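Commentary on secondary and tertiary structure
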Amino acid sequence: MEFDTPLVRTLRDHLLGLARPSLVPRDPSAPELGETPEERAILERFEPFAELLYLLTRADGHVDEAEKRAVLGAFRALTGGRVSSGALARVEGRLEKRRIAEGTPARLEAACSTLSMNRDDAELALTLASAVALSDEVLAPDESDFLESLSGLLGVPVPRFQALISNAKKSVPPPSG
């Protein structure tokens, strides 16, 4: 299966761009993450995507800086920037505890089971995973195998996924900022 397409590279570049550090300091009077119902709802909606991307970055046994930035970019894109970047570290902490307690296959199945209930979520998750896997410019064999297994676990047929990511000629890079 081909994951390295112009569209996936455009998405990868966009996610990496979203991960650039903000020069705006956090408002110290702002409530902490998870204090509002909106933040809890956003994180609950985001968590299956986060878990999938978290497990993907560990598929080749090495998490590099580009992968971390791409996941942070996906976090910002999926949460609409309404949750602080520090929340990602707390989410990752929870995900790591679950991975250790239950194992990667069980956690991957749980995340994919949730995401596969909605076709758009499943397709978005697989597309984001492809972009994150390519964030370091190299698709390691373990990452490629992981992505191929995701296709099945998410219920996204290979021809459908290939059609989604090969339509780059018709796509326009997302606006920056």
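Residues numbered from 1 in each chain as written. Predicted model: local features only at pLDDT ≥ 70, side-chain atom pairs only at ≥ 80, totals over all residues. Heavy atoms only, no water.

What follows covers the environment of alanine 140. Within the element layout of this structure, alanine 140 appears in the loop between helix H6 (119-133) and helix H7 (141-154). For the pair alanine 140 and aspartate 60, spaced 80 residues apart in sequence, the C-alpha to C-alpha distance is 6.8 Å. (Helix = DSSP H or I, 4+ residues; strand = E, 2+ residues; numbered from the N terminus.)

Another point: helix H2 (residues 37-57). With 21 residues, H2 extends 29 Å from end C-alpha to end C-alpha; this agrees with the ideal 30 Å at 1.5 Å per step. In the structure, H2 departs most strongly from a straight axis at glutamate 47, where the bend amounts to approximately 40° and where the proline proline 48 lies between one and four residues downstream. Within H2, 15 of the 21 residues are buried, which leaves the element mostly enclosed by the surrounding structure. (Expected span 1.5 Å × (residues − 1). Bend = angle between axes of the 7 residues up to and from the residue. Buried < 20%, exposed > 50% of the residue type's maximum accessible area, 1.4 Å probe, protein only.)

A word on the packing of helix H4 (residues 86-102) against helix H5 (residues 104-115). Viewed as axis vectors pointing N to C, H4 and H5 meet at an angle of 125°, and their least axial separation amounts to 7 Å. The angle between H4 and H5 places the two elements in the oblique class. Between H4 and H5, the residues in contact are Arg98, Arg99 and Glu102 and Thr104, Ala106 and Arg107, respectively. Of the residues belonging to the contact of H4 with H5, the class tally is one nonpolar, one polar and four charged. (Axes fitted to C-alpha atoms, helices over the stretch in contact; angles between N-to-C directions. Parallel < 35°, antiparallel > 145°, perpendicular 65-115°, else oblique. Contact = heavy atoms within 4.5 Å. Nonpolar A, V, L, I, M, F, W, Y, C, P; charged D, E, K, R; others polar.)

Turning our eyes to something else, we now look at the packing of aromatic side chains. Geometry of an aromatic ring pair is reported as the spacing of the ring centres plus the angle between the planes. For the structure shown, the criterion picks out one aromatic pair. Taken together, a centroid distance of 4.8 Å and an interplanar angle of 75° make the contact between phenylalanine 46 and phenylalanine 75 edge-to-face. Residue phenylalanine 46 is located in helix H2, and its partner phenylalanine 75 is located in helix H3 (residues 65-79); the two are separated by 29 residues in the primary sequence. As far as burial versus exposure is concerned, phenylalanine 46 and phenylalanine 75 are alike and both buried. (Phe/Tyr/Trp six-rings, centres within 6.5 Å; stacked < 30°, edge-to-face > 60°.)

Moving on, we get to the nonpolar core. By size, the foremost hydrophobic cluster in this structure holds 44 residues, and its most contacted members are Phe75, Leu150 and Leu154. Within the residue set of this core, elements represented by two or more residues are helix H1 (6-18), H2, H3, H4, H5, H6, H7 and helix H8 (158-166). When residues no more than four places from it in sequence are discounted, the contact partners of leucine 154 are Cys112, Leu115, Ser116, Ala122, Ala125 and Leu126. (Core = buried A, V, L, I, M, F, W, Y, C linked by side-chain atoms within 4.5 Å.)

This paragraph deals with the confidence of the model for the protein chain. Across the protein chain, the average pLDDT comes to 81, with 81% of residues at or above 70. Of all helices and strands in the protein chain, the one with the weakest mean pLDDT is H1 (72), whereas H5 scores best (95). Across residues 168-175, where pLDDT falls below 50, the model places seven contacts with residues more than four positions away in sequence or in other chains. (pLDDT = per-residue confidence, 0-100.)

Once that is clear, we can look at H5. Taking 1.5 Å of rise per residue, twelve residues should cover 16 Å, and H5 covers 16 Å from first to last C-alpha, within 8% of that figure. Among the residues making up H5, those that are buried are Arg107, Leu108, Ala111, Cys112 and Leu115. Considered in projection along H5, the buried side chains sweep an arc of 130° and stay on one side of the axis. Seen from the open side of H5, the exposed residues pointing more than 90 degrees away from its buried face are Pro105 and Glu109. For H5, the elements touching its buried residues are H2, H4, H6 and H7. (Arc of directions from axis to C-beta.)

A positive phi angle, near 75°, is found at glutamate 137, a position not held by glycine. Mapped onto the secondary structure, glutamate 137 falls in the loop between H6 and H7. Since its relative accessible area comes to 47%, glutamate 137 is described here as partly exposed.

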